[in-house]
Amino acid sequence: MITEPKTQMSSTAVIERETFKPITTYVPYREVPIIGTDMSCKELLTLMKEQEDIPCVIVVDKNDFPLGIIMRDAYNRHFTGRFAAALFYDKPASLFADPNTLIVDLKSPAAEIVEQAMMREDQRFYDCLLIKEGTRLLGVLTIRDVLSVVQRMQREADEDRNDVIRHSYDGVQRIRTTVLDAAKEADDSMQLTRSMSELSRRGKGELEAVLLSYHAVTEQMKRQHEQMTTLTQSLNDIAGMASSIRALADHSGLLAINASIEAAHAGEHGRGFQIVSQEVRNMSLQTKAFSVQITGLLTHIEQMLRDTAELTDTSLRQIHTGSKYISDGTQTFAKLLQTVGEIEAKNNEMSRSAAEAALNAAGIAQELELMLSS
């Protein structure tokens, strides 16, 4: 029986890749005579002598169903013996049709047809392939045709492989360029990160110095506030003393008035004492006037001290608030330094990875270049 090709394809070293092109893309099929079962061996010999270029004939039954092919060389060998003509001339030529002829469909992929042909057993390896389209017989392909297809498919595979390698080479070069650019960007980013880290350290140090200065100013203003409090107390004491002096002056003035009255009673003998009492009275009045001036001045100084103390308290509160902001800023700078350090570490890792990737890409590109030149 004639065997149809199996649908499952086996691998072969001849075909490097699967293709879905029809077999006629590479070679045209050969039209050969189609004979029936009623043609005798002698008639077939005559036909083959008349058409010396045909490699075989196709044998069909009454329903045009293919029974197989008869190869020219194999058929001629049957008639080399002394009694072959007497034995076979009048017999049907279909006796020599190979029932195991490989029949393939024209719409099958060329790679599948070639694989089926190359996987045949040795005794049928050089036989023709019978080509059909649906149920219609078209012709045959010789083993030379099949090998020509193999050669052309191999050439196409080589060209496709070179194209793939070339595109892979170009892609690897682009990847290498991209990776090198990424490495450069990583290096630039690392430089910027280092600058940011240095500026952050410097800013943190400056903020810490400002914070220390704020603390020093705060301590100094606290001491000034304490001194002003002490000075205010001293002013209050001086004001009390001025009040006492004014009381003494009033009392001295009363005594001077009484002395003047007593001196007047004494007449001529009390005139000198009256002059002294008048001077004492004058001194009392002057002392009282000075005491009033001192009291006013002390009151003014006390008011100024109170205003200064209030301003000092306000400044202390503002300095405390500012120092809190500076302290928060210092903590923020510390966190920024930590974050910058982590970014710098990641940039270093990314730069190393990019450099390694660029080196690997260069190695792959070199291997692909060698493959292209080979």
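Each remark here, short or long, concerns the structure printed above.
This part is about the overall build of the protein. On a plain count of helices and strands, the protein comes out with 6 helices and 6 strands. Ordering the α and β elements of the protein from the N terminus gives β-α-β-β-α-α-β-α-β-β-α-α. Considering the protein as a whole, with its 374 residues, one finds that 33% of them fall into the buried category. Counting only contacts in the protein whose residues sit at least 6 apart along the sequence, the fraction spanning at least 24 positions is 77%.

This part takes up the packing of aromatic side chains. Two descriptors summarise a pair of aromatic rings, namely the distance from one centre to the other and the angle between the planes of the rings. With the rule as written, the count across this model stands at 7 aromatic pairs. With a centroid separation of 5.6 Å and an interplanar angle of 80°, the aromatic rings of tyrosine 75 and phenylalanine 96 are classed as edge-to-face. Here tyrosine 75, found in helix α2 (residues 72–77), pairs with phenylalanine 96, found in the loop between α3 (84–88) and β4 (103–105); they are 21 residues apart in sequence, far enough to count as distant. The burial state of tyrosine 75 is the same as that of phenylalanine 96; both residues are buried. Look at phenylalanine 125 and tyrosine 126: their rings are 5.2 Å apart centre to centre, the planes differ by 85°, and that puts the pair in the edge-to-face class. For phenylalanine 125, a relative accessible area of 18% puts it in the buried group. By relative accessible area, which is 60% here, tyrosine 126 ends up exposed. Members of the aromatic cluster, each reached through a chain of ring pairs, are Tyr75, Phe79, Phe88, Tyr89 and Phe96.

Of all the 9 residues making up helix α4 (residues 110–118), 8 are buried; the element is thus mostly covered by neighbouring parts of the structure. For α4, the set of buried residues is Ala110, Ala111, Glu112, Ile113, Val114, Glu115, Gln116 and Ala117.

What follows deals with unusual backbone geometry. Residues other than glycine seldom take positive phi values, yet aspartate 64 does so here, at roughly 60°. Counting through the fold element by element, aspartate 64 comes out in the loop between β2 (56–60) and β3 (66–71). Residue class for aspartate 64 comes out exposed when judged on its relative accessible area of 55%.

Take the sheet that holds strand β1 (residues 34–35) next. If you trace the 3 strands from one edge of the open sheet to the other, you get β1-β2-β3, paired in mixed fashion. Both edges of this open sheet fall to β1 and β3, since each of them pairs with a single strand only. Inspection of the sheet shows β2 paired to β3 by 5 bridges, in the antiparallel sense. Bridge pairing in β3 links valine 60 to proline 66. The strands touched by helix α1 (residues 41–50) are β1, β2 and β3; relative to β2, the strand with the most contacts, the crossing angle is about 140°.

Before going further, it helps to examine the pairing of strand β5 (residues 129–133). The buried count for β5 comes to 4 of 5 residues, which makes it a mostly enclosed element. Taken together, the 3 bridges between β4 and β5 define a ladder with parallel strand orientation. The residue bridging valine 104 from the neighbouring strand is isoleucine 131, located in β5. Handedness of the crossover joining β4 and β5 through α4: right-handed. Pairing geometry for β5 and strand β6 (residues 136–141), over 5 bridges, is antiparallel. What sits directly across from lysine 132, in β6, is leucine 137. Between β5 and β6, which pair antiparallel and follow one another directly, the connecting turn spans 2 residues, one of which, glycine 134, has a positive phi of 70°.

Definitions and limits used
Residues numbered from 1 in each chain as written. Predicted model: local features only at pLDDT ≥ 70, side-chain atom pairs only at ≥ 80, totals over all residues. Heavy atoms only, no water. Helix = DSSP H or I, 4+ residues; strand = E, 2+ residues; numbered from the N terminus. Buried < 20%, exposed > 50% of the residue type's maximum accessible area, 1.4 Å probe, protein only. Contact = heavy atoms within 4.5 Å. Phe/Tyr/Trp six-rings, centres within 6.5 Å; stacked < 30°, edge-to-face > 60°. Pairing = 2+ DSSP bridges. Axes fitted to C-alpha atoms, helices over the stretch in contact; angles between N-to-C directions. Right-handed = clockwise from strand over helix to strand, strands pointing away.

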